[in-house]
Structures are given as structure tokens and as C-alpha cells.
Amino acid sequence: MGITAAAARDEFQEELVIRPLHSGDIYASFQFRTLWDTDFLQEGQKVSHYRLFPKSLGQVLSKFSVRELHISFTQGFWRTMQWGQPFIPSPPGAELWVWFHDTVSDVDGNWKELTNVLSGIFCASLNFIDLTNTVQPSASFKPLGLGNATDHRFLRYATLPREIVCTENLTPWKKLLPCGSKAGLAVLLKSEKLFHSSFHSQAVHIRPVCQHKNGLDFAKILDAPSFCIHLCINCYLHLFTEWSLFKMFSRTLTEACPLATSSKVYVDITDNPEGELFELSPATPLLSQAVVLGDRRTYSVFDLTRAETFGQLRSLNLLLRWKGDGGEMLRPLLHAERYVAGFGLQTGEIHTVIYNNHPYRAFPVLLMDSVPWYLQLYIHTLTVTSKSRDNKPSYIHYQPAKDRHRPHLLEMLIQLPPHSMTEVTVQFERALLKWTEYTPDPNHGFYVGSSVVSALVPSMVAMSTNFTQDQPLFSSFVPVKEESSYFVRVYTEPLLVNLPTPDFSMPYNVICLTCTVVAVGYGSFYNLLTRTFQVDEPSLPLAKRLANLIRRIRGVPLLT
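All residue numbers refer to positions counted from 1 along the written sequence of the respective chain. With pLDDT at 70 or above as the cut-off, local features in this predicted model cover only qualifying residues; side-chain atom pairs require 80 or more to be listed or tallied, and sums for whole chains, interfaces and linings still use all residues. Side-chain numbers come from the whole structure's heavy atoms, not from hydrogens or water.

Colleague: Looking at this structure, I do not really get the sheet that holds strand β12 (residues 278-281). What am I missing?
Modeller: Remark on secondary structure: sheet strands pair via backbone hydrogen bonds, oriented parallel or antiparallel. Strands sit in the order β10-β15-β12 across an open sheet of 3 strands; the sheet is antiparallel. The two strands at the open ends of the sheet, each matched to only one other strand, are β10 (242-244) and β12. Going from strand to strand, the sheet's axes swing by 15 degrees on average, the running direction of each strand aside. Bridge count for β12 against strand β15 (residues 319-322) is 4 bridges, and the pairing is antiparallel. Its bridge partner being in β15, E279 is matched across the sheet by R321. Here a strand pair is declared whenever DSSP counts at least two bridges between the two strands. Numbering of helices and strands runs from the N terminus; a helix is a DSSP stretch of H or I covering at least four residues, while a strand is a stretch of E covering at least two. In this description, a line fitted to the C-alpha atoms serves as the axis of each element, helices being fitted only across the stretch in contact, and the angle between N-to-C directions of two axes falls anywhere from 0 to 180 degrees.

Here is the structure:
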């Protein structure tokens, strides 16, 4: 299949959003989106041409009949109360959730092969995902693209909270972009700068969408980090009175990606309407307003497709000088945290705390917990309290674990009263593992993935329900179906739980003792049985030996 008219309608967009935080930090979000005009899920449809969409992922989607794929790699924990809500949330470590097409007969088999293939593509440890850490959520992870699938048998979700993100994960990620890291915004993605940040996340989201602009029926959308690939960098620059692109990334922008139809840099100036908080240079006459996470924000826009953006030096180096204290940030309307209580290594209690900071609106949230099988939950001890009163969930889905086969899955729909704190507690007992199941550093503890809180949060302003491609990428990731609310997903901290650990020094002591017994006892006994004893004749004195030497020379008989 050669280059067709449909292939020519593929589009690529790139954006960089810079949000100065009230604490003096900087939140930078790179977002790249590729629209791929094809429907490879049609029976008999074979795609052999890839123009902008990465071929490595396109072949994976076609081979394993993947309808939606969402994967993220995160280093650090996003502190919502200090930094606000991120554009695209992600838990610490690695997260992968996939919707398969309803024609797949062996979902578990495809899931296992898919994780191994993605492990090779992204140089990650996704091959450690198996049935012991995979769940099938019934309500928490609905498709974000076309269709409204409800059969959760075709959904798989897994996390690796201990996954470490490093340079070998970033390099294949950048190769998914049409221009790689040679041109456009991707030239700023230097590993030595990204991995010195307090929080770093890169993600790939693939889903089917409808292209309203071109009147197409189906497309695949690839974006980073909002759609397909998402990088979030938080730089702690509060010790400096100014920051610039060069200070943050050791590079400046010189051109847009030649294959991009849109290449823009957004700087959030909502809290700086008169320039009393900071000064941004160079100045730009382009301003844009967008409703993001229920709040109307104002941005200065730098269009990289325009030659006048770079000036005479053919280089764009944004410079921000702080003038005063940013004050306090408004608290997010939804926040959650989790911790382990108890003492000893036999029992414990998991506490999940959810905050509704809205002054007068109550709204429901969907809480999902995936707990490993070696923490044996006592589900009869489950309690939900709000304002010191019992809060009975309107929906509960619980799938008990099977030892060494599958984890616990708990989903609850909870109504949060206005301006309240809701606490969910459940007791558990620690299991004793086989000695071969412990990690090389068992005393460090075992990680439990983050809880997931999903909700439609009441919006402060009317949300736009008309989704168009002209909207900024960071404001249109999740389509809004009603003006009064917006979708938010919040992840809690992962847990680190100690399990009963045997004394692994005992095998070493036994080996040493056994080797000593063998060497001393058996060795001596073996020598006694196999050694040959001979009687040595006494040697002659030195005088006689000298005399015999002389006698031998003279031919005289020797002395005895």
C-alpha cells in the first residue's frame, strides 16, 4: 500500500505549556499529537504505510487487536496540594492499561505478549507484569476514545510502582516523534536536565477518535504527554530570581518541526494580569484563553511556525523574572492520600483519605484499590466514614485474591459531602512467602500500587462541550459531555509494606559450618584410609657420608 490521499491527511501537532507555580517552581508539559487516518481494526484491513505515526506501535496495535493503549513511566510523586492538578496524572513507577477489541478470544494471552513487546520497545521492565499484578476494573477505566465499551473482560490494568525511569526509557520515547529530537520542541528534551527535576513523567496514550475538522470517521490519536506521549518536568528554581529555557533545558528553540501543522509554546499568565508577579520576555501579542480543569486560564502564545517569533537571532529563549511572592495557591477541589497503620509484622490497616474541598457541592467519586495477594484483606473490616459518620458506598465491586494467581480488586462509589474528609480503612494480614519469592533486598519492603480516584468534579466556569482540533492539546485530552463538571483522576502515594522476613544469613551460616565439618572431619578420615605409610631408614652422620664419598672415588668398599 503506497502513499494515498488518506495518508496525506495525517497531522502532527506539538505544544509546550509552562506554568509558573506559586512556590516559585516551574511546571513544564510537552505535548505531541499525531492523527493517523486509518482503521486497521476492520476485518481484512492491512496497513503497510506509516507516514507520521510510529511504525513500531502501529504494528503492535494491529497484531494484538488493541483498541486503546495507555502507558506511563513516572519518577517522583506529584504533590497536588503544593503544585495543583497536572494536565495528565500518572502514578509513580509504570502504569499500563489496555482495551482490546471485542474480537479477541484469548485476552490474557494477548496481554502477556503485549507486555513483553512493549518492554522491548521502551526498554522497561514491563515483562514483570503477569496475572499476579493484573486486574480487570469494572468501572474505573472507561475508554477515552470512540465507543462506549462496557464489557470489562477486554480491559487489563497493571502497575509496577518500583519501576525506575532513566535515559534508556527516554531515548525510545523520543524516537516515536516524527522529527525525533532533531527539530521542534523535542530538542529541549535532554536527559541530563529532565532527570534532575523533582518530578518527571512520560506517557503514551493511543485511542480512536473522530476527526471533526476533516469529516473523517475514524482515526488513531498519538500524543505526548497529553495524548500519546506526556512529559512533565517540575524544576525547583525558587532560589533564582529568573529562569529561562536555556537554564531549564540547556537549549533554545530555533525552529518548529517541519512535519508539524502546529507548534506553539504557552506560558500561563493567569495570575499575572498586570505583570506585578513576574515579567516575561520577549513579549508576544498573541493571547489565548482556555478552560482547563474547571478554571479559565490565560496564556501567552509563541507560534514557532512564524518567523517573527524567533527575531533577528533566529532563536527563542523565554525569560521570566520574578518580581514578588506568588502568594498562596487555591487548593484543588479533589485530593487523596493513603498510608499504612499498625505495628508488628502480622496485621495492619490501610487508610485512604479523600478530600472534597468544594465549599457547598457534594459529588461522587469512584475509588479503585489493587492490593497484592500477599496482603490478605479482611473485607468485613471495611469502613467508610465522612465527618465522623458512616458513609455507605452506593456501589461495591470486590474480587478476592488467589494466592500466587491474582491480586485483590476493590472498587467503590462514594458520595463526598461538601468540604469534608472521607476515610476508607480496611485491615489486612501479612502472608509468609516462600524463600524463593523474596526480592534480593527483602528488608527494603514490598511496594503496593497507588489507589485511583476518578470523579466528575463541579466546574467553577462553564466547560466547553464542543471538541475541536483548534483547541490546545492540554485542554482537550478528555472530552467534556456537560458544562457543569470535568473529569479528574487522582493517584495516591504507593505503599511500602514490610513482610515477615526470615533470617537469610542462616543458610550462609549452615554452609560455613557444613564446609568446616567436611574439611576437618571427613578430610582427615579420608586421608587415613587412602594414605600409604612407609618406614624411613635413619640417615648416616655427615662424617660417614663424606668418608663414603672419598671411598667411592678411590674404589674402596663403603662404610655401613
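What follows continues from the structure just given.
Colleague: For this particular structure, what's the right way to read the state of the cysteines?
Modeller: One covalent bond between the sulfur atoms of two cysteine residues makes up a disulfide. The disulfide definition used here is simple: a pair of cysteine sulfur atoms within 2.5 Å. All told, the structure shown has 1 disulfide when counted by the stated rule. The disulfide bridge from C179 ends at C257, spanning 1.7 Å between sulfur atoms. For the disulfide bridge between C179 and C257, the dihedral angle about the S-S bond is near 70 degrees, and by the sign convention the bridge is right-handed. Separated by 78 residues along the polypeptide, C179 in the loop between α5 (167-174) and α6 (191-194) and C257 in the loop between α7 (245-249) and β11 (262-268) bring together distant segments of the chain. Exposure class is identical for C179 and C257. Each is buried. Here C512 stays free of any disulfide, with the sulfur of C515 as its closest cysteine sulfur at 6.8 Å. Using a 1.4 Å probe on the protein chains alone, a residue whose accessible area is under 20% of its type maximum counts as buried, one over 50% counts as exposed, and one in between counts as partly exposed.

Colleague: I'm lost on empty space enclosed by the protein in this one. Help?
Modeller: Over the atoms rolls a probe the size of a water molecule, and in doing so it shows where empty space is left. For each structure, a 1 Å grid was placed over the protein atoms alone; sets of points admitting a 1.4 Å probe that cannot get out are labelled cavities, open sets with protein on both sides within 12 Å along at least five of seven lines are labelled pockets, and lining residues have an atom within 4 Å of a point. Grid points are joined across faces, edges and corners, and a volume is the space filled by probe spheres set on the points. Counted by the stated rule, this structure contains 5 cavities of 30 Å³ or more. One number sums up the size of the largest cavity: a volume of about 120 Å³. In terms of lining, the largest cavity is formed by 13 residues, of which the most central are W78, T80, P86, P89 and Y491. Among the elements that make up the lining of the largest cavity, the one with the highest residue count is strand β26 (residues 485-491) (3 residues). All amino acids are sorted into three groups, where Ala, Val, Leu, Ile, Met, Phe, Trp, Tyr, Cys and Pro are nonpolar, Asp, Glu, Lys and Arg are charged, and the leftover types, Gly among them, are polar. The residue inventory of the lining of the largest cavity, partitioned by class, reads 9 nonpolar, 3 polar and 1 charged.

Colleague: What is the right way to read helix α4 (residues 107-122) from this model?
Modeller: Residues three or four positions apart in an α-helix share a direction because the helix packs 3.6 residues into each turn. Expected helix span is given by 1.5 Å per residue-to-residue step, counting one fewer step than there are residues. Compared with the 22 Å implied by 1.5 Å per residue over 16 residues, the 22 Å span of α4 between its first and last C-alpha is a close match. Where α4 begins, the side chain of D106 points an oxygen toward the backbone nitrogen of G109, at a separation of 3.1 Å. Looking one or two places after α4, you find C123, whose phi comes out positive at around 55 degrees. By the criterion applied in these results, polar contacts are pairs of N or O atoms within 3.5 Å in which, for protein atoms, one can donate a hydrogen and the other can accept it, and in which residues neighboring in sequence qualify only through two side-chain atoms.

Colleague: Any chance you could explain the nonpolar core here in plain terms?
Modeller: By nonpolar core is meant a set of buried Ala, Val, Leu, Ile, Met, Phe, Trp, Tyr and Cys residues that side-chain atoms within 4.5 Å join together. Counting 97 residues, the largest nonpolar core has L69 and L253 as its most contacted members. Only heavy atoms matter for contacts: two residues are in contact if any of them lie within 4.5 Å across the pair. Not counting residues up to four positions away in its chain, the partners in contact with L253 are G184, L185, V187, L188, L245, V265, L304, F310, R314, S315 and L316. The next biggest cluster of nonpolar side chains, apart from the first, holds 19 residues, and it includes L333, I354, M412 and V424.

Colleague: Looking at this structure, how should I read the sheet that holds β26?
Modeller: Taking strand neighbours across the sheet as the criterion, the 5 strands line up as β21-β22-β18-β25-β26 in an open arrangement whose pairing is antiparallel. Each of the sheet's edge strands pairs with one partner strand only, and the pair in question is β21 (395-399) and β26. In this sheet, adjacent strand axes meet at a mean angle of 15 degrees when their direction is disregarded. For strand β25 (residues 452-458) and β26, the ladder comprises 7 bridges, and the chain directions are antiparallel. Paired with P458 across the strands is S485, a residue of β26.

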